[in-house]
Amino acid sequence: MQRSIQSRHVVTEEGTRPANVLFEDGRILAVREYGSSSGGEDFGDLCVLPGLVDTHVHINEPGRTEWEGFATGTRAAAAGGYTCLVDMPLNSVPSTVDVAALAAKREAAAGQSLIDYAFWGGAVEGNSGELHGLAEAGVLGFKSFLIDSGVSEFAMVCERDLRLAMPVIAHCGLPLLVHAELPGPVKQAHHRLSRQAPWTTYSTYLESRPDDAEVEAIELMVRLCREYRCRIHIVHLASAKALPLLKQARVEGLPITIETCPHYLYFAAETIPDGATQFKCAPPIRSAVNRERLWEALREGVIDLIATDHSPCPPALKLIDQGDFEKAWGGIASLSVALPAIWTNAKARGLTLTDVVRWMSTKPAEMARIHSSKGRIGRGMDADFVVFDPDAAIRIEQRHLHFRHPVSPYLGEELLGRVRRTYVRGQCVFNDGHFDPDPRGREWRRCGTVVD
Ligand code: ZN
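Anyway, here's the lowdown on the structure attached to this text. Model, not experiment: these values are computed from the prediction.

### What to know about unusual backbone geometry
- Here the amide bond leading from Val93 into Pro94 is cis, since omega sits at 5 degrees, within 30 degrees of zero.
- Locating Pro94 in the fold gives a position in the loop between strand E7 (82-87) and helix H2 (99-109).
- A cis geometry characterises the amide bond from Ala282 onward to Pro283, with omega recorded as -5 degrees.
- As for its position among the elements, Pro283 is in the loop between helix H9 (262-266) and helix H10 (288-300).
- One non-glycine residue, Arg229, lies in the positive phi region at around 50 degrees.
- Along the chain, Arg229 falls in the loop between helix H7 (211-228) and strand E12 (232-234).

### Focus: the coordination of the zinc ion
- Coordination of the zinc ion by the protein involves His56 (NE2), His58 (NE2) and Asp309 (OD), with metal-donor separations of 2.1 to 2.2 Å.
- Positions of the donor residues of the zinc ion, expressed as sequence spacing, correspond to H-x1-H-x250-D. Highlighted residues: His56 in strand E6 (residues 52-57) and Asp309 in the loop between strand E14 (305-306) and helix H11 (338-348), separated in sequence by 253 residues.
- The buried category is assigned to His56, whose relative accessible area is 0%.
- By relative accessible area, Asp309 is classed as buried at 10%.

### Thoughts on the packing of helix H4 (residues 159-172) against H7
- The contact between H4 and H7 brings their axes to 10 Å, and the two run at 45 degrees. For the element pair H4 / H7, the angle class is oblique. Relative to H7, H4 is oriented so that their crossing is right-handed. Note on element contacts: H7 touches H4 through Leu220, Met221, Arg223, Leu224, Cys225, Glu227 and Tyr228, opposite Glu159, Leu162, Arg163, Met166, Pro167 and Ala170.
- For the contact of H4 with H7, a count of residues per class yields nine nonpolar, no polar and four charged.

### Regarding H7
- Between its terminal C-alpha atoms H7 stretches 26 Å, which fits the 26 Å expected from 18 residues at 1.5 Å a residue.
- Among the residues of H7, those classed as buried are Asp211, Ala213, Glu214, Val215, Ala217, Ile218, Leu220, Met221, Val222, Leu224 and Cys225.

### Examining the sheet that holds E7
- Ordered in space as E6-E7-E8, the three strands form an open sheet in which the pairing is parallel. The open sheet is flanked by E6 and strand E8 (116-119), the only strands paired with a single partner. Adjacent strand axes in the sheet meet at a mean angle of 20 degrees, parallel and antiparallel pairs treated alike.
- In terms of strand pairing, E7 meets E8 through four bridges, oriented parallel.

### A word on the pattern of salt bridges
- This model, assessed by the stated rule, comprises 33 salt bridges.
- Measuring nitrogen to oxygen at the nearest pair gives 3.2 Å for the salt bridge that ties Asp382 to Arg27. Here Asp382, found in the loop between helix H12 (353-367) and strand E15 (385-395), pairs with Arg27, found in strand E3 (residues 27-32); they are 355 residues apart in sequence, far enough to count as distant.
- Classification of Asp382 as buried rests on a relative accessible area of 7%.
- Across the pair Glu366 and Lys363 runs a salt bridge whose closest N-O atoms are separated by 3.9 Å. Of this pair, Glu366 and Lys363 both sit in helix H12, separated by three residues, roughly a single helical turn.
- Connected through salt bridges with shared partners, the residues Arg27, Asp116, Lys374, Asp382, Asp384 and Arg425 form a single ionic network.

### What to know about the pairing of strand E1 (residues 3-12)
- Among the ten residues in E1, seven count as buried, and that is most of the element.
- Pairing between E1 and strand E2 (residues 15-24): eight bridges, direction antiparallel. Across the sheet, residue Gln6 finds its bridge partner in E2, namely Asn20.
- Joining the antiparallel neighbours E1 and E2 is a turn of two residues.
- Pairing geometry for E1 and strand E4 (residues 41-42), over two bridges, is parallel. Counterpart to Ile5 in the pairing with E4 is Glu41.

What counts and how
Residues numbered from 1 in each chain as written. Predicted model: local features only at pLDDT ≥ 70, side-chain atom pairs only at ≥ 80, totals over all residues. Heavy atoms only, no water. Helix = DSSP H or I, 4+ residues; strand = E, 2+ residues; numbered from the N terminus. Donors = N, O, S within 2.8 Å, 3.2 Å for Na, K, Ca; no water. Buried < 20%, exposed > 50% of the residue type's maximum accessible area, 1.4 Å probe, protein only. Axes fitted to C-alpha atoms, helices over the stretch in contact; angles between N-to-C directions. Parallel < 35°, antiparallel > 145°, perpendicular 65-115°, else oblique. Left-handed = near helix turned anticlockwise from the far one by under 90°. Contact = heavy atoms within 4.5 Å. Nonpolar A, V, L, I, M, F, W, Y, C, P; charged D, E, K, R; others polar. Expected span 1.5 Å × (residues − 1). Pairing = 2+ DSSP bridges. Salt bridge = Lys/Arg side-chain N within 4 Å of Asp/Glu carboxyl O.

So yeah, pure geometry; function would need other evidence.
Pasting the structure below:
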């Protein structure tokens, strides 16, 4: 059955304009003039955006489902306007580092997910022989850590491991996503800190993860990218000091893309209270000046996209009572609030919803190579929509979060913008606080052929 939705502010590739979107069987048939159909839903002055795509989510199921699972994680995502997420290969047990582990992931996700999803595989020390099989089995690319990952099942890689993995990944035509911090500068920083350094103050933590760790890691990846021409994606860039290097790599034509996260764009080190371990993540949230340079890089297109790095844990592991930044689990959960957090800051800087859609939908879909059906409103694309009220003010409370454990640095923040509805392939899965009881999310599997 053909259906349509319309609004005076539909964010299309040609900008925001009045339009009527006709769809059938989950696919968009046409984007027409506003008012061209009398039936269907009319959202008037509310905005209609393409469904957001989050390429950096830790669902943790199977194995650490008590941290976050597909049922709770995808509900939070739907409430945040996301219609597709790509799950990271670590923090679940097993990690997604071979085909059997990918099968366990698929089994865990099936029948539980409210939105569409896909998987990254892991490239860890010693598994270069598994990468080709994982690519053939349908992962969208691979993730590696250049520093300790925080969980023992997911081993970090050094240059020698990368030299084994990158030719295989390049041959498969997939991207390698990299957590870009090197252990050397972090170790040196720890040595510089005195034994009495107070780990309950944020500045101690910030000093322990210096900019150099990111800059040197990115230097290494640029060098290896030049050698192997393997697509590289730098996840969660926090340090603006790496931007000149990345700009230069772009000028050179290297296939490198860059993401940053809402928490690096919203918060600043100067205002993080001592003991507030809900702000702990790696790399760390840096200064307000650094934050402005990240915004400038987004505006210029040097940073391609924004992903959440949604990485929750049980509240006890955050050690909120002790406020110990050294021992607390690092990771920030934000799936349900990322859009208003970014919109609040983007609007204040004179940026538009078209910009936000580019960073949070179109570019992530392109990076993950799922842009034939996700990331924009246009003929032939999935009927994935977010109905968004850009003028609604909202004070974030636990009931807005929807992920498994309502711990987040955004609690109490006053944000601009509210997700009213989310549609996945034409199905309304989130409607003003209510969820579709029937999870119909599907896996987006890479179906390109792997050349032998
Ligand atoms: Zn992550």
